[in-house]
Amino acid sequence: MSTTVQTRSRRQAGLTALYLGLFATVWFSVPSAGGLLRTLFVVASVAALLTAIAGFVVVARAGRAGPAGRDRAAHRRYLLIVVAEFASAGIGAVLLSAADRPEYVPVLVATVVGVHFFPLVHVLHEPHLRLLGVVVCAVALAGLITGLTTGVAAGLVAATGTGLALLGYAVTTLAGSLRRG
């Protein structure tokens, strides 16, 4: 593998760990819980934040992605996907809140997050994002079913599962880049 490809790969892995670590931290702060569960959410948030910091360090050490620089078309597609994701989640959250069903906002947002990984597979050239998308969508479905059929909050299931999926993917990606590096 050439130095440019290694640098780009390491940088991409660092960015993945940075972004997903930060978002996992957010997901772990969504559910309201007390006692031991709250402590576990704090521990998971700290682990996710440390993963994000490690990702930042990898990005900083990797430097630029190589002499070719950025692929502007891919960057534009990435931004369009992320804008569509945020718009869909935001509009859906407003609609669910207006329908007096705010407890299902985390389920909707997790679904949107899971779905957004599928087009990112092609933009980021990262086929493993399909698996992450499937896992996050499955977690959202589990949250929905749990919320509709039990006394357990749908958001607790969706937020916890999504946070764990993002953190697991971030740690795995980061560890893989460090083994290669």
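None of the values given here were measured: they were computed from a predicted structure. (Residues numbered from 1 in each chain as written. Predicted model: local features only at pLDDT ≥ 70, side-chain atom pairs only at ≥ 80, totals over all residues. Heavy atoms only, no water.)

1. Here we look at unusual backbone geometry
Then, in step 1: Here the phi dihedral of D100 falls at roughly 60°; this positive angle occurs in a residue that is not glycine.
Then, in step 2: In this structure, D100 sits in the loop between α3 (72-98) and α4 (105-124).
Then, in step 3: Positioned with a positive phi, H125 is a non-glycine residue whose angle comes to about 55°.
Then, in step 4: You can see H125 is positioned in the loop between α4 and α5 (129-149). (Helix = DSSP H or I, 4+ residues; strand = E, 2+ residues; numbered from the N terminus.)

2. Some remarks on a nonpolar patch on the surface
Then, in step 1: A surface patch of nonpolar side chains, amounting to about 690 Å² of accessible area, comprises L22, V42, V46, L49, L50, I53, F56 and V57.
Then, in step 2: For the nonpolar patch, the element with the highest residue contribution is helix α2 (residues 35-62), accounting for seven residues.
Then, in step 3: Within the secondary structure, V46 sits in helix α2.
Then, in step 4: Among the residues examined, V46 registers a relative accessible area of 44% and is labelled partly exposed. (Patch = residues over 30% accessible without salt bridge, like charges linked within 9 Å, V, L, I, M, F, W, Y side chains within 5 Å. Areas by Shrake-Rupley, 256 points an atom, 1.4 Å probe, with all protein chains shown as cover. Salt bridge = Lys/Arg side-chain N within 4 Å of Asp/Glu carboxyl O. Buried < 20%, exposed > 50% of the residue type's maximum accessible area, 1.4 Å probe, protein only.)

3. Let's talk about the nonpolar core
Then, in step 1: Of all hydrophobic cores here, the largest spans 32 residues; its most connected members are L20, F28, F117, L129, L132, V136 and L166.
Then, in step 2: Elements supplying a minimum of two residues to this core: α1 (3-28), α2, α3, α4, α5 and α6 (154-180).
Then, in step 3: With nine residues, the top contributor of residues to this core is α6. (Core = buried A, V, L, I, M, F, W, Y, C linked by side-chain atoms within 4.5 Å.)

4. Observations regarding the pattern of salt bridges
Then, in step 1: Counted under the stated rule, the structure contains one salt bridge.
Then, in step 2: When the shortest N-O distance is used, the salt bridge between E103 and R101 registers 3.1 Å.
Then, in step 3: Relative accessible area serves as the criterion here: at 36%, E103 is assigned to the partly exposed category.

5. Brief notes about the side chain of H116
Then, in step 1: Mapped onto the secondary structure, H116 falls in helix α4.
Then, in step 2: Given the relative accessible area of 12%, H116 is considered buried.
Then, in step 3: Engagement of the side chain of H116 in a polar contact is seen with the side chain of E85, the distance being 3.5 Å.
Then, in step 4: Contact partners of H116, with chain neighbours within four places excluded, come to I81 and E85. (Polar contact = N/O pair within 3.5 Å; in protein donor to acceptor, adjacent residues only side chain to side chain. Contact = heavy atoms within 4.5 Å.)

6. With respect to the confidence of the model for the protein chain
Then, in step 1: Looking at the protein chain as a whole, its pLDDT mean stands at 89, while 91% of the residues score no less than 70.
Then, in step 2: No element of the protein chain has a lower mean pLDDT than α1, at 82, and none a higher one than α5, at 97.
Then, in step 3: Note on residues 1-5: pLDDT is under 50 here. Beyond four places in sequence and across chains, it has four contacts. (pLDDT = per-residue confidence, 0-100.)

7. Things to note about the side chain of T162
Then, in step 1: With respect to the element layout, T162 can be found in helix α6.
Then, in step 2: Those residues within four positions of T162 in sequence are excluded, and the remaining contacts are W27, A110, V136 and V139.

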